[in-house]
Amino acid sequence: MKPIQPGILAPIPPLARFLTFGLLPEAGPGPSLRRLAQSVDPALSVVGLGRASVLALGVDVPGLRDFPGGTGKGLEIPATHGALWCWLRGEDRGELVLRTRAIDAALGPAYRLVDIVDAFRHGEGRDLTGYEDGTENPTGANALAAAASGGPAGLQGGSFVAVQQWLHEFARFDAMSRDEQDASIGRRRDDNEEIDDAPSSAHVKRTAQESFEPEAFVLRRSMPWAEGPRAGLVFVAFGRSFDAFEAQLNRMMGLDDGVTDALFRYTRPVTGGYFWCPPVKGAQLDLRRLGLD
Ligand code: HEM
C-alpha cells in the first residue's frame, strides 16, 4: 500500500481544526519542519506544505503549484495560498486547542499561524444545508488510487490537497423552495437520491467524476465550520494530482460551457489553497523529498 498519511483515508472525525501558517521570508523552514515531523502523529494531524515552503527549501515537488484563483460569470474564486496547512482531527475541542499550541510552538520561529477554522461533523456527514456530502467518494483501494500519487520513495504516497473555506448565505438558501434547493444539488435532501432530469447547473451534474475525460476522481473530506453567526463548509479534496479538482472547479465556474454551478446562488469560497501532503515512513512524516531526512 502506498504510504499515504493515514488521517487522509480515515472517516470524518467528530471535530477538527484547520490551521494555516505563513512563512517569514528570512527564515529557513528546515528546523521547524524537522521538529514538526518529530512531534505530529499523521493519523491525527494531516500536514500539507504550500509552494512557499518548498521554494524556501530550494527543492522541487513535481505537481505542486499555486491555487488557481480566478473569476467566472458573477463569481470570484479567491486564492489565499498558505505556506503550511494542518488538519487536526479529534473528538475533544480542548485537546485540539492544546495540539494547536504544540504545533505552533514546533513551527516557530519560521512559521506564523495566520488562520484557524474550527470544524465539526454534522449528522452522518451532512453539509449545513442538510445535504449528505461525500456519497460519491471512492472507497477502499479506489480511495487510495484517487488520493495518493506514485513515483520514487519520498514522493510515492504523497497527496495533493485543495482546500477552500466556503461561506454559506443561509437567507438566500432558505428563500428557495425545496424543489429549487434539491435541483441546485441534483439530489433530494430527504432520501439522497440523484435527480435524473436535474438541470445542467446542478452541482452533481457539474462535478460528476465519471463524466470527465479523463475521469476526475478525488477523495473529499469536507467538514462544516461555524464561527459566531458565520458558517459554511471547509471543502477539502485530496488527489494524486490537482488535475481532477481543477477540472471540476472549472466546470463549476462555467469555463467549459458558460453554465455556472447552482451552488453559487447561496455559497461562495472565501479562501483557496493548494498543499502537498508528504508520505509517511512508519508513523512519521517522510520529508526526504524536501532534503530533510
Ligand atoms: C460549499 C461548497 C460545496 C457543497 C455544499 C458541496 C456539496 C456536495 C453534495 C451535497 C454533493 C452530493 C453528494 C456527494 O456525492 O458527495 C456533492 C458532490 C460532489 N462535489 Fe461538492 N460541494 C461543494 C463544493 C465542491 C467543490 C468546490 C468541488 C470541486 C471543485 C466539489 C466536488 C464534488 C464532487 C466531485 C462530487 C461528486 C460528484 C459525483 O461524482 O457524483 N464540491 N457536493
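In case you missed it, the structure is sitting above this.
Residues numbered from 1 in each chain as written. Predicted model: local features only at pLDDT ≥ 70, side-chain atom pairs only at ≥ 80, totals over all residues. Heavy atoms only, no water.

1. A look at the overall build of the protein
Part 1 of the argument: Counting its secondary structure elements, the protein contains nine helices and 14 strands.
Part 2 of the argument: Over its C-alpha trace the protein gives a radius of gyration of 19 Å, about what one expects of a compact globule, namely 19 Å for 293 residues.
Part 3 of the argument: Its C-alpha atoms put the protein at 55 × 40 × 35 Å along the principal axes.
Part 4 of the argument: In the protein, which comprises 293 residues, the proportion classed as buried is 53%.
Part 5 of the argument: A separation threshold of at least 6 residues defines the contact pool for the protein, and within that pool the share at least 24 residues apart is 78%.
Part 6 of the argument: For the protein, the exposed area adds up to about 13000 Å²; of that, 50% sits on carbon and sulfur atoms.
Part 7 of the argument: The averaged location of the 38 negative side-chain charges in the protein is 5 Å from the averaged location of its 31 positive side-chain charges. (Helix = DSSP H or I, 4+ residues; strand = E, 2+ residues; numbered from the N terminus. Rg over C-alpha atoms; globule rule 2.2 N^0.38 Å. Buried < 20%, exposed > 50% of the residue type's maximum accessible area, 1.4 Å probe, protein only. Contact = heavy atoms within 4.5 Å. Areas by Shrake-Rupley, 256 points an atom, 1.4 Å probe, with all protein chains shown as cover. Lys, Arg positive; Asp, Glu negative; His and termini not counted. Charge placed at Lys NZ, Arg CZ, Asp CG, Glu CD.)

2. A look at the site of the ligand
Part 1 of the argument: Taken together, 26 residues form the shell around the ligand, and within it Gly134, Glu136, His203, Gln209 and Arg220 come nearest.
Part 2 of the argument: Between an oxygen atom of the ligand and a main-chain N or O atom of Gly134, the distance comes to 2.5 Å.
Part 3 of the argument: Take Arg220: an N or O atom from its side chain is 2.8 Å from an oxygen atom of the ligand.
Part 4 of the argument: Counting atoms within 2 Å of the grid points, the majority share of the ligand lands in the largest pocket.
Part 5 of the argument: Put simply, the parts of the chain that give the shell around the ligand at least two residues each are strand S7 (159-168), helix H8 (203-207), strand S10 (230-239) and helix H9 (243-252).
Part 6 of the argument: Of the residues forming the shell around the ligand, the biggest block, four residues, is contributed by H9. (Near = heavy atom within 4 Å. Polar contact = N/O pair within 3.5 Å; in protein donor to acceptor, adjacent residues only side chain to side chain. 1 Å grid on protein atoms, 1.4 Å probe; cavity = no way out; pocket = protein on both sides within 12 Å on 5 of 7 lines; lining within 4 Å. Sits in = over half its atoms within 2 Å of the grid points.)

3. Things to note about helix H5 (residues 140-147)
Part 1 of the argument: Where H5 is concerned, the buried positions are Ala143, Leu144, Ala146 and Ala147. For H5, the buried positions fall inside an angular range of 165° around the axis, keeping them on one side. H5 presents Ala141 and Asn142 as exposed residues on the side facing more than 90 degrees away from its buried surface.
Part 2 of the argument: Where H5 is buried, its residues meet helix H1 (6-9), S7, strand S8 (219-220) and S10. (Arc of directions from axis to C-beta.)

4. Concerning the nonpolar core
Part 1 of the argument: Grouped together as the largest cluster of nonpolar side chains are 54 residues, with contacts concentrated most on Leu33, Leu84, Ile103, Tyr111 and Leu290.
Part 2 of the argument: The leading source of residues in this core is H9, at four residues.
Part 3 of the argument: Not counting chain neighbours up to four residues away, the residues in contact with Leu290 comprise Leu33, Leu49, Val54, Leu57, Val59, Val61 and Trp276.
Part 4 of the argument: Judged by nonpolar contacts, the second largest core, of 24 residues, contains Ile4, Ile8, Val161 and Trp225. (Core = buried A, V, L, I, M, F, W, Y, C linked by side-chain atoms within 4.5 Å.)

5. As for unusual backbone geometry
Part 1 of the argument: With an omega of -5°, the peptide bond between Gly108 and Pro109 qualifies as cis.
Part 2 of the argument: With respect to the secondary-structure elements, Pro109 resides in the loop between helix H4 (93-107) and strand S6 (111-120).
Part 3 of the argument: In this structure, the amide linkage connecting Glu213 to the following residue, Pro214, adopts the cis form with an omega of -5°.
Part 4 of the argument: Of note, Pro214 is situated in the loop between H8 and S8.
Part 5 of the argument: The backbone of His81 shows a phi angle near 60°, a positive value even though the residue is not glycine.
Part 6 of the argument: Within the secondary structure, His81 is located in the loop between strand S4 (75-77) and strand S5 (84-90).
Part 7 of the argument: Positive phi is not limited to glycine here, since Asn192 has a value of about 65°.
Part 8 of the argument: Tracing the sequence through the fold places Asn192 in the loop between helix H7 (178-185) and H8.

6. Digging into the coordination of the iron atom of the ligand
Part 1 of the argument: Coordination of the iron atom of the ligand by the protein involves just one donor, His203 (NE2), at a distance of 2.0 Å.
Part 2 of the argument: Along the chain, the position of His203 falls in helix H8. (Donors = N, O, S within 2.8 Å, 3.2 Å for Na, K, Ca; no water.)

7. Some remarks on the packing of helix H2 (residues 30-39) against H4
Part 1 of the argument: Between H2 and H4, whose axes approach to 7 Å, the crossing angle comes to 145°. Contacts between H2 and H4 involve Ser32, Leu33, Arg35, Leu36 and Ser39 on the former and, on the latter, Ile103, Ala106 and Leu107. (Axes fitted to C-alpha atoms, helices over the stretch in contact; angles between N-to-C directions.)

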